[in-house]
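Residue strings, one per chain:
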Amino acid sequence: MQSINWGDLTPEKFLKEYWQKKPLLIKQALPNFQGSIAADELAGLAMEQEIESRIIAQNPDKSWNVEHGPFEDFEKFGEKNWTLLVQAVNNWSRDTDQLISLFTFIPRWRIDDVMVSFSTPNGGVGAHLDQYDVFILQGEGKRRWQVGAPDATLTTLIPHPDLKQVSEFTPIIDEVTEAGDLLYIPPNHPHNGVSIENSLNFSIGFQAPSNQDLWSGFADKLIDEDLGEHRFSDPQRTVTNRPYRLEETDISNIKSFMLKQLSDDKFFAQYISQYLTQSHHTLELLIPMKAFTIEQVLGFVENDEIQFTPVSGIKSLVCYTPETNLFINGDKFQLTDKTIELGNILAESLPMTTEKAKSFMSCLKNTQLLTNVLNKGYWYIE
Ligand code: SIN
Ligand code: CO
């Protein structure tokens, strides 16, 4: 994968001046880029049951229509005024997953997925806001992109029950994007992309969990681990003469009781690492029919015609505090001094030669780690 041609910018300057602050268009950030997947392959993905897709179309009377996949054919949509959007294409297209490696100056956990759209002339989803950062890379075709600043006076429009738009905004970027151009849009900045000709757009969307998501995920984790059964207690209680009142001390004691669970650093690091590596979309996990044995894995590393490959789109990370663990797709693999190096390689999610893997196999713990990861279907032999 080539890297971003930043021009006068650098990743440092980008983070300081633009990230979460203002939109940016980098013309020819990836010269020669036409797309990581062809329009007909994208259409093929939209025919699959387990892949989330939708078509947003504008009718001649300017009303909007939304249809959800899987689609059987696209003929009825005609040649203009519609966009096909397919979620998490990086879970199915390795070339698309590799677009994420353009952004290694931001931790991988911060990135969610790559959504790909194919738009016919005049196709778009209308002016709207997203609550997360997005980089939109233009593949083949041309599209007019307008991006504005956050504006509290904009009104929400629901032109269709499945479509949320905003009223007209004043653009601060108004440009035609061509193959290889990269647009960055921070959260809550109104934007609108209208295709000029058949066009592919690759949206690298960032993950920004809401407080609500985090609290409900935390509650789920407590329930899963059976750790929420502990009850409030108050051995320090003194006599009240106003039994109908909820006193400030009681409120604060109950709050402390709840916060105690949140401030358990080991538990929280585990929870958040699991939460952040869970995929929000179906993954093509490759679980072996019969679990591999350690002996089999030791045999694989002798074969230099194969390699170990992570499943496309899988999310992994290593967390060092307060203990060292590797997390893949919400699963925890405990690491030791002996397995940290292999753990880091697995978290980096790049294919690994058998020669490289073999260099770790003198330690049984590493062989066990690789075997576990293969048996979960998170990595496979190619
Ligand atoms: C699109 O590619 O049509 C939609 C991208 C976006 O505005 O979030
Ligand atoms: Co958007």
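Residues numbered from 1 in each chain as written. Chains lettered and ligands numbered in written order. Predicted model: local features only at pLDDT ≥ 70, side-chain atom pairs only at ≥ 80, totals over all residues. Heavy atoms only, no water.

Caption draft 1: Layout of helix 6 (residues 265-277). For helix 6, spanning 13 residues, the distance from its first C-alpha to its last is 18 Å, which sits close to the expected 18 Å at 1.5 Å a residue. Looking only at helix 6, the buried set comprises F267, A269, Q270, Y271, I272, S273, Q274, Y275, L276 and T277. Where helix 6 is buried, its residues meet helix 4 (211-224), helix 5 (248-262), strand 15 (316-319), strand 16 (325-328) and strand 17 (331-334). (Helix = DSSP H or I, 4+ residues; strand = E, 2+ residues; numbered from the N terminus. Expected span 1.5 Å × (residues − 1). Buried < 20%, exposed > 50% of the residue type's maximum accessible area, 1.4 Å probe, protein only. Contact = heavy atoms within 4.5 Å.)

Caption draft 2: How the structure looks around the pairing of strand 11 (residues 182-185). Covered by surrounding structure in strand 11 are L182 and Y184 together with L183 and I185, the residues of both alternating faces. Relative to strand 11, strand 1 (residues 24-26) runs antiparallel, the two being bridged by three bridges. Residue pairing in the sheet places L25 in a bridge with L183 of strand 11. Looking at chain direction, strand 6 (residues 134-138) and strand 11 are connected through four bridges and run antiparallel. In the strand pairing of strand 11, L137 is matched with L182. (Pairing = 2+ DSSP bridges.)

Caption draft 3: Structural view of the site of ligand 1. Around ligand 1 sit L85, M115, S117, H128, D130, R143, W145, H191, N201 and S203, and those are all the residues in its vicinity. Between H128 and ligand 1, the recorded distance is 3.1 Å, taken from a side-chain N or O atom to an oxygen atom. Between ligand 1 and R143 there is a distance of 2.9 Å, counted from an oxygen atom to a side-chain nitrogen or oxygen. Burial of ligand 1 by the surrounding chains reaches 95%, relative to a free accessible area of 260 Å². Residue assignment for the shell around ligand 1 shows that the elements contributing at least two residues are strand 5 (111-119), strand 7 (143-148) and strand 13 (199-206). Residue classes in the shell around ligand 1 are distributed as three nonpolar, five polar and two charged. (Near = heavy atom within 4 Å. Polar contact = N/O pair within 3.5 Å; in protein donor to acceptor, adjacent residues only side chain to side chain. Areas by Shrake-Rupley, 256 points an atom, 1.4 Å probe, with all protein chains shown as cover. Nonpolar A, V, L, I, M, F, W, Y, C, P; charged D, E, K, R; others polar.)

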